[in-house]
Structure formats: C-alpha cells, structure tokens
Amino acid sequence: MSDIKNPKVRFAPSPTGQLHLGSARTALFNFLYAKHHRGTFYLRIEDTDKARSKQEFVEQICTSMEWLGLKWDGEPLFQSTRLNEYHDVVQTLLENNTAYRCFCSKDVLETARAGGSYQYPGTCRDLSEEDIMMHMNSGKGFVVRLRVPEGETHFDDMIYGTVHVKHDEIDDFIIARSNGNPTYNLVVVVDDHEMEISHVIRGEDHISNTPKQILIYNAMGFTVPEFAHLPMILGPDKKRLSKRHGALGVQQFKDDGYLPDALLNYLALLGWNPGSDDEIFTLDELIASFEMSHVHKKGAVYDEQKLSWISGQHMSRLGTAKILEGIHAINGDWGEGFETQYLYEVLEQLKLRSKSLRDFIDQSSYFFSDPISYDEKSARKNWKDDTTSQIMNDYKKRIDSLELWDADVIEASLRKIAEENNLSAGKLIHPTRLALSGISSGPSLFTLMSILGKEVCIRRLTKALDIFPLES
RNA sequence: GGCUCGUUCGUCUAGGGGUUAGGACGCCGCCCUCUCAAGGCGGUAACACGGGUUCAAAUCCCGUACGGGCUACCA
C-alpha cells in the first residue's frame, strides 16, 4: 500500500443536520488515509436537496470538523453551484443514448410497486422519436433514466473485496428529476470526476449504490476511482447509529468536555486496529499508523464507557496549560480571580480523576470557595461525636501554629496529634477532608491543604466545628 | 420479497490450517493507600449452527440461522 501516491479523497456530508458521530468517523478515515499517503482531503457539501439543506448546518459541520482538527484542503465545493454541469452531463447521456426520458407518472409507478413489482417496468425505455416528440409537445413532465445495459458490474472494494452485481438487479434508475434537478448518484459521479477523486471512502450504506455509479462513469467514459466502504457504527441495538440513540452530534461531545483527540482516537478504533496493542493515539500518531488494510468489515457498536476511558487516558497525558485552555473554551469563568499558577496546581491534582473537561469543573468547586454543603453520610460516619470535635479543635490550633506550610509538615503534625491521642491517622484525616471539601473523596489531604493555604483551612475547620457533629 | 455485506468474550478487537484462542473497555477480587482516582497483579467471559475438505479447521468450501445495508423524482 505504500506505493499509493498522493491520493485525492473527499468527505461529502449533506447539510441536513449537524455532524454526527458516524459521519465524523467517515471524515476521519478519509483524512487519515489522505494524510498517511500525503494526499489531499477535500470537503464537498452535498446540498442538492433544497428542502432539507440549511446554511446553519453547513456552518455547524465546518465548525465541528475544525474543532476535531480535521482540516480540509482548499475551499469546500458546494453542489448547489454546479447545477449547470450536472445538466450538461444529463444532456450528454441523453445524446449518446445511455439515458432516456421517462414520461411515466409517479402515481402509475407507485401503483405498480404496490402490486409487488419492485423494478421499473421499462415502459419508456424504447419510445420512438415520434412518441417522445409527442409527449414533449404535449408539455408532459419527464424524468431521465439511465439505460442500464445487459451484463454485470463488479468492483474491488479496498475493504470488502470484489463485489459483483448483475445488471438485471439494477433498475433503470433516475438521474434527473422531473424538475430537472439531478439525483444523488449522478452528482456524486460528476463531482468525484471533476474533483479527480482517486479514492472514494464512504459508509457501507453506499455499497449498493456503487454499481449504479460505475454505470454512469462508464456511460460518460470517466475513469472509475477506487472504492473503500467503511463498516457502520451501531447503537446498542446493533442498528445503525442515529438520532434515535440519543444526542450523538459532535457538538455534544465538545460540550460534554471531551477532547477532540480523544474522540478521534476512539472513533479510529471503531472498525480499525493499529496492528499493535496500543490504544492511545494522538491525531498525528493515527496518521502515521493508519492502514486501510486494517479496517474490517463488521459494524461496531458505539460504547461510551470505552470512549470515557480513552478520554481519561488523554486527559492524564495532557499538560495542565492545555487542560486549562480546554476548560476555558467551554467555561470561561472557571477559576476566575485565582492565579494561573494556583489553577495549574488544582488541575494537576484533578488530572487523574477526570475523564472529561467537565469533570474538572464539576470536581473543583472547593478549591475556589468554602463548602456550602457537606456529605451527610461521611459526616455521620467520620465526625460522630464531640470527641472528634475536641481533637479537631486541637488539630486546628496545632496547624495554626505551623510556621512552614507544606504537605510534609502538615502531614507530620496530623500524624503526631493522632498518635498523642492514640488514634489512627484516618480518624483525623476523614473529618478534616470533610471540613475542607465537603465531600469524602479527592486528592491527597495534605496536598489539598498545602494548595488551599493555611488561612482557608483554618476558616473551614472553624466553620465545620460549628456544624459537626450533626444532630441525630 | 430481491440483491448485497457480515457473524471470535457483554462491547472494541488480535489471530487467516497445528495457539493453554491474545489484548483492551466493563465487571469482580487482591495489592498500593488518608478517601476517590490512577497504577500494579489476578479473575470472569467468545470462535452462531450444520455439513464437507484435511492427519489437523476459529482459520478453507458449501449450506442454514441470525443481523446490517440497499431496494425513492433523500443523500
């Protein structure tokens, strides 16, 4: 495969919705293939469905792709600007007799279909010149159909291998609607040819469109590109992932605080394997190891737990400055009023405990303000009675007198007072943590205290002494 | 219905004639430990089924079953 030179690929979403996980994966594989082989990655907006296409979706798709880091080369191509070209191709096909006008009404065909016939009966396939003129003159509407020849078509899919389809399984399908607009199968071919696409990489749902498109390539005398069909991403019900499976737009992952590299990493592992046991990759690493031959055919079920794990792995490898940048991108207020150095220390502690940027935000409140509520379960367990209060009070006084405020010193003083009272250190540690953070989990207590500072610790202990033990 | 593609632990996957069928997520246990994580160690769990071919089949072939996709004047 290393002899593939400068392939040209494209990602061709239709702007009828935001960028979804499935399309993002298709975009990623196109991107990886292009970059791995030093090729070109184009973006084409398939907006020929006027009724459903919206400008806002075009913007949303581009934004999502930029966020993911899937930068396309050149300017996006909009199909809506190319209607004339499509029209010309239809004319050429009509002229060389590889396509014909069909005057059958929609109703007639639907009735026929309802009767159990699945294929177009070929009514207008061999209309005489006179009949055509007559219909035209009477102002009757028509669609243009491709005249599918006898025989069979096969192609060598890079992932699925050779696929054969007999032509009698293929309808004389419509390439231009009665309103003159071209249909998908035609525009795809015309544009892929125009853009000199060498490798068409798309979802497996297009595998049965491929023979039809090859027929058009042949009818026009165009060179047929290589094809690679990607397996689908499935929901837990094993059906193709869709809106029904919940909010799975790329935008949502961004809002949930996932890192783009983590999402991409996860997506890459859905249907592809790196040929090693490695699982954590940056985008550049994915580009370096991507091989189409390692893409397999089976649909893969989307699993949020694994995404979350991968995300956590990325998080723990990321520098605190990058994390801070990411957090501020989704919440500009976070840590406002505190010095950057302080924020870095906070992030350093939370890194191994966070799967997403949201987790940092959700877990960090006590670094910025005194707890306003306390975990009741922990309070009842760890601060049972006045005995605890007494020792906590002693402990408060003890740390108040500390000259040097660092984790080791703080720890030593706590262990000493525990020993003096013949208690295990935990008997002091747990209530202290509760008093300082309001919860029972988090970073090492002594690190926490050193970060918070003496004054804050004393203040929070004082407040806790007022509150605990709770009334029974 | 027709066509087409697929089927290895619950999930993502490795393995493509001889393997104790490997790894990862999850789950469970242990270790570490001030908690929660992280990390380490261990455990749980799979070749859809039936026929062939072969000394030998998860692996090759044929069926069956099940699942996906397509079968639009959507893309």
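Residues numbered from 1 in each chain as written. Chains lettered and ligands numbered in written order. Predicted model: local features only at pLDDT ≥ 70, side-chain atom pairs only at ≥ 80, totals over all residues. Heavy atoms only, no water.

A. Layout of the overall build of chain A. What chain A contains, in helices and strands, is 20 helices and twelve strands. Counting only C-alpha atoms, chain A reaches 110 × 50 × 35 Å along its principal axes. Across chain A, every contact between residues at least 6 apart in sequence was considered, and the portion connecting residues at least 24 apart equals 75%. Here chain A displays about 23600 Å² of accessible surface, and carbon together with sulfur accounts for 47% of that area. Both charge centroids of chain A, one from 53 positive and one from 69 negative side chains, sit 4 Å from each other. (Helix = DSSP H or I, 4+ residues; strand = E, 2+ residues; numbered from the N terminus. Contact = heavy atoms within 4.5 Å. Areas by Shrake-Rupley, 256 points an atom, 1.4 Å probe, with all protein chains shown as cover. Lys, Arg positive; Asp, Glu negative; His and termini not counted. Charge placed at Lys NZ, Arg CZ, Asp CG, Glu CD.)

B. Structural view of the protein's contact with RNA strand B. Looking at RNA strand B, there are 57 residues lining it, with Arg-177, Lys-239, Gly-271, Glu-279 and Ser-444 nearest. Put simply, 73% of the atoms of RNA strand B that lie within 4 Å of the protein are in sugar or phosphate. Within the backbone of Val-301, a nitrogen or oxygen atom sits 2.8 Å from a phosphate oxygen of RNA strand B. Within the backbone of Gly-442, one N or O atom sits 2.4 Å away from a base nitrogen of RNA strand B. Where the surface near RNA strand B is concerned, the elements lending two or more residues are helix H4 (106–114), strand E7 (161–166), strand E12 (300–301), helix H11 (304–317), helix H18 (426–437) and helix H19 (445–452). Considering only residue class, the surface near RNA strand B consists of 16 nonpolar, 19 polar and 22 charged. (Near = heavy atom within 4 Å. Polar contact = N/O pair within 3.5 Å; in protein donor to acceptor, adjacent residues only side chain to side chain. Nonpolar A, V, L, I, M, F, W, Y, C, P; charged D, E, K, R; others polar.)

C. Region of the structure containing the sheet that holds strand E2 (residues 40–45). Pairing is parallel in the open sheet, where three strands are placed in the order E1-E2-E3. Among the strands making up the open sheet, the edge pair consists of strand E1 (8–11) and strand E3 (77–78). Relative to E3, E2 runs parallel, the two being bridged by two bridges. Residue pairing for E3: Ile-45 is matched across the bridge by Phe-78. Against the sheet, helix H1 (residues 21–36) engages E1 and E2, with an angle of about 165° to E1. (Pairing = 2+ DSSP bridges. Axes fitted to C-alpha atoms, helices over the stretch in contact; angles between N-to-C directions.)

D. Representation of the domain arrangement of chain A within the structure. Under the domain assignment, chain A is made up of domain 1 (8–77 + 183–231), domain 2 (83–176), domain 3 (318–367) and domain 4 (376–467). Relative placement of domain 2 and domain 4: their C-alpha centres are 81 Å apart. (Domains from an automatic or database assignment.)

E. Looking closely at the pairing of E2. Counting buried positions along E2 gives five out of six residues, so the element sits mostly inside the fold. Two elements, E1 and E2, share four bridges in a ladder whose sense is parallel. Bridging across to E2, Lys-8 finds its partner in Thr-40. At this point the chain moves from E1, through H1, to the parallel E2, and the crossover so formed is right-handed. (Buried < 20%, exposed > 50% of the residue type's maximum accessible area, 1.4 Å probe, protein only. Right-handed = clockwise from strand over helix to strand, strands pointing away.)

F. Broad picture of a positive patch on the surface. On the surface, a cluster of positive charge is contributed by Lys-377, Lys-381, Lys-384 and Lys-427. Tracing the backbone shows Lys-384 in the loop between helix H15 (376–382) and helix H16 (386–400). Judged by relative accessible area, which is 60%, Lys-384 ranks as exposed. (Patch = residues over 30% accessible without salt bridge, like charges linked within 9 Å, V, L, I, M, F, W, Y side chains within 5 Å. Salt bridge = Lys/Arg side-chain N within 4 Å of Asp/Glu carboxyl O.)

G. Structural context of the state of the cysteines. This model, assessed by the stated rule, comprises zero disulfides. Note on Cys-104: no disulfide assigned, nearest cysteine sulfur contributed by Cys-124 at a separation of 3.5 Å. (Disulfide = S-S within 2.5 Å.)

H. Looking closely at the sheet that holds strand E4 (residues 99–102). Spatial strand order, E4-E5-E8: three strands in an open sheet with antiparallel pairing. In the strand order of this sheet, the two ends are held by E4 and strand E8 (174–176), each with one partner. Here the strands of the sheet are splayed against their neighbours by 45° on average, with no regard to which way each runs. Of the strand pairs in this sheet, E4 and strand E5 (residues 143–146) are connected by four bridges, and their pairing is antiparallel. In the strand pairing of E5, Arg-101 is matched with Val-144.

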